[in-house]
Amino acid sequence: MHRPAQRQRQRLTRILVGAAAVPMMLVASGCSSDSGDGSGDDAKKDSGASASSSTTEAGSVVKEAAYAKLPEPCKVFSSKTLEEMVPKGTKSSKEGKSGDAETRGSCSWNSLDNNGVDGSQFRWLNVSLLRFESDAARGTGEKLASEYFTKHAEDARSVEGAKDTKSQPLTGMGNEATLVTYDLKKKEGTFKQQTVVTRVENVVVTLDYNGAGLAGDKSPKAADLTKAAEKAAKEAVEAVRTANGAGGGSAAGGSTAPSKSPGASKSPSKSAGQGSDLGKDSGTSTSKSPSKSATKKD
C-alpha cells in the first residue's frame, strides 16, 4: 500500500536535486573529457597546474606548491556535520567524476524531509576541490590558485536569475575566502543559496549549500544556512591540511608547514588542476575548464 507513495517521494527527490543543482554551475569541471577530441588538453592548459619546482630555460626555479594531495571529497565532512546539513541524506553522497583525483574532486548530498500535506524541507550540499601545481611559465601553485579564486568568486556573484545577491569576505579559513548568498526562484519553490569560495595555499575549496521549503512549508532562515555553510567550509579546509600532514594548523592564516610532494618532478607536468562542476545529477562534472565557469539557464 505504501509503494505508490514511496515512488512519488523518490521521483520528487530526483526533480528537486536537478532543480537545486542548476544554479550552482559555478565550479569548473571535476571530470575532464577523455573523448580524445583535444578538448581535454585545452582544459589542462586553462587550469594551469604543472609539476612543482619547475626550471625555466633561464635556470630560475619556481617555488614548489605547498600541497601535493587532496582529501577524498566524500569524506571531508564528519557524520555530525552531514546530520545537521542534510539530515535525510547522510548516506546519499555522490562523488563527481574526475580524470585526476590528485588535482580535482567533488561530492554532493541531498535531503528531502517529506511531511505530506504539512510540506517538505529540501537541502542540497556540494563540495568541490581544485589543486594547482607550480608551473615554470605561469608561476607558483599559490599564485594560480589565487587568480582562480578571484575569478570564481566573481562567477558566484553573477548567477543568472539570482535575487538579493550579497557578498562578503570571510576570515578564519584559509588564505582568502568569500561568501555569496542569493535567492533563486524555481517552479518547486524559492531556493536560498549559500556559496563559500576559499583558498588554502594552492587549493581552492568551493562549498555550495541551499535549502527550500516546499508544498507550503516555510523557507529556511538564510542566517541558519549561512552559519552551517561557513562551519562546513572550515571543516573542508582542515581536511585539505590534514591530507597533507598539516592538520591542526591555524585556520586563519594558512601558514602551517605543509608537506611537500615526494619526488616532485623538475619538468612541467602535463596534468592540469581543474575544479569540479555540478551537473544535473548534482555531483557529475561537465565543464572542461575552470576558467570557463558557466551558469545554466532554467
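Within every chain, residues take consecutive numbers counted from 1 along the sequence as written. Restriction of local features to residues with pLDDT of at least 70 applies here, the model being predicted, together with a cutoff of 80 or more for giving and counting side-chain atom pairs; totals for whole chains, interfaces and linings are based on all residues. Hydrogens and water molecules were not included; the side-chain quantities draw on all heavy atoms of the structure.

Side note on the overall build of the chain
Okay, so step 1: For the purposes of this entry, the term helix denotes a DSSP run of H or I that reaches at least four residues, the term strand denotes a run of E that reaches at least two, and both are numbered from the N terminus. When helices and strands are tallied, the chain shows five helices and seven strands.
Okay, so step 2: Its helices and strands taken in sequence order, the chain reads α-α-α-β-β-β-α-β-β-β-β-α from the N to the C terminus.
Okay, so step 3: Note on classification: 1.4 Å probe, protein chains only; a residue is buried when its accessible area is under 20% of the maximum for its type, exposed when over 50%, partly exposed between these limits. Counting over 298 residues, the chain shows a buried share of 52%.
Okay, so step 4: Contacts: residue pairs with any heavy atoms within 4.5 Å of one another. Residue pairs in contact within the chain that sit at least 24 positions apart in sequence constitute 70% of those at least 6 positions apart.

As for the state of the cysteines
A covalent bond bridging the sulfur atoms of two cysteines is what the word disulfide describes.
Okay, so step 1: Note that a disulfide, as used here, is simply two cysteine sulfur atoms within 2.5 Å. Under the counting rule described, the total for this entry stands at one disulfide.
Okay, so step 2: The residue that forms a disulfide with Cys 74 is Cys 107, at a sulfur-sulfur distance of 2.1 Å. Taking the sign of the S-S torsion, about 95° here, the bridge from Cys 74 to Cys 107 comes out right-handed. Highlighted residues: Cys 74 in the loop between α2 (39-47) and α3 (79-85) and Cys 107 in strand β2 (residues 104-114), separated in sequence by 33 residues.
Okay, so step 3: According to the relative accessible area criterion, Cys 107 is buried, its value standing at 0%.

Thoughts on the sheet that holds β2
Okay, so step 1: Strand pairing follows a simple DSSP-based rule, namely that at least 2 bridges must link the two strands. Read from one edge of the open sheet, seven strands run β1-β2-β3-β7-β6-β5-β4, paired in antiparallel fashion. This sheet does not close on itself; its edge strands, each paired only once, are β1 (94-95) and β4 (163-170).
Okay, so step 2: Pairing between strand β6 (residues 189-200) and strand β7 (residues 203-214): nine bridges, direction antiparallel. Bridged to Lys 192 within β7 is Gly 211.

Considering the environment of Ala 156
Okay, so step 1: Tracing the sequence through the fold places Ala 156 in helix α4 (residues 141-156).
Okay, so step 2: Classification of Ala 156 by relative accessible area gives buried; the value is 1%.
Okay, so step 3: Separated by 26 residues in the primary sequence, Ala 156 and Tyr 182 have C-alpha atoms spaced 9.8 Å apart.

So, unusual backbone geometry
Okay, so step 1: Phi at Asp 164 takes a positive value of approximately 55°, unusual for a residue other than glycine.
Okay, so step 2: Here Asp 164 shows up in strand β4.
Okay, so step 3: The exposure class assigned to Asp 164 is exposed, which follows from its relative accessible area of 53%.
Okay, so step 4: Positive phi, close to 55°, is recorded for Glu 201, a residue that is not glycine.

Focus: the pattern of salt bridges
Okay, so step 1: A side-chain nitrogen of Lys or Arg and a carboxyl oxygen of Asp or Glu constitute a salt bridge if their distance falls within 4 Å. With the rule as written, the count across this model stands at nine salt bridges.
Okay, so step 2: For Arg 157, the salt bridge goes to Glu 154, with nearest N and O atoms at 3.1 Å.

Structural notes on the pairing of β4
Okay, so step 1: The pairing of β4 with strand β5 (residues 176-186) spans six bridges and is antiparallel. Residue pairing across strands places Gln 168 opposite Leu 179, the latter belonging to β5.
Okay, so step 2: Here β4 hands over to β5 after five residues, with Gly 172 in that stretch at a positive phi of 90°.

A short note on the packing of aromatic side chains
Okay, so step 1: In this scheme Phe, Tyr and Trp rings, the latter by its six-membered ring, pair at centre separations within 6.5 Å, and the angle between planes marks the pair as stacked below 30 degrees, edge-to-face above 60, and tilted otherwise. The tally for this structure, following the rule as stated, stands at three aromatic pairs.
Okay, so step 2: Measuring from ring centre to ring centre gives 6.1 Å for Phe 122 and Phe 191, while their planes differ by 85°; the resulting arrangement is edge-to-face. Highlighted residues: Phe 122 in strand β3 (residues 120-131) and Phe 191 in strand β6, separated in sequence by 69 residues. Like Phe 191, Phe 122 is buried.

Comments concerning the environment of Arg 157
Okay, so step 1: Considering the arrangement of structural elements, one finds Arg 157 in the loop between α4 and β4.
Okay, so step 2: Distance from Arg 157 to Thr 181, taken between C-alpha atoms, is 8.2 Å for residues 24 residues apart in sequence.
Okay, so step 3: Sequence-distant contacts of Arg 157, defined by excluding residues within four places in its chain, comprise Thr 165, Ser 167, Thr 178 and Val 180.

A look at the nonpolar core
Okay, so step 1: Of all hydrophobic cores here, the largest spans 32 residues; its most connected members are Phe 77, Trp 109, Leu 125, Val 127, Val 196 and Leu 207.
Okay, so step 2: Those elements that place two or more of their residues in this core are α3, β2, β3, β5, β6, β7 and α5 (222-243).
Okay, so step 3: By residue number, the principal contributor to this core is α5, which donates eight residues.
Okay, so step 4: In this structure, Leu 130, Ala 145, Phe 149 and Val 204 belong to the second largest nonpolar core, which totals eight residues. The set of buried Ala, Val, Leu, Ile, Met, Phe, Trp, Tyr and Cys residues whose side-chain atoms join them within 4.5 Å is what this entry labels a nonpolar core.

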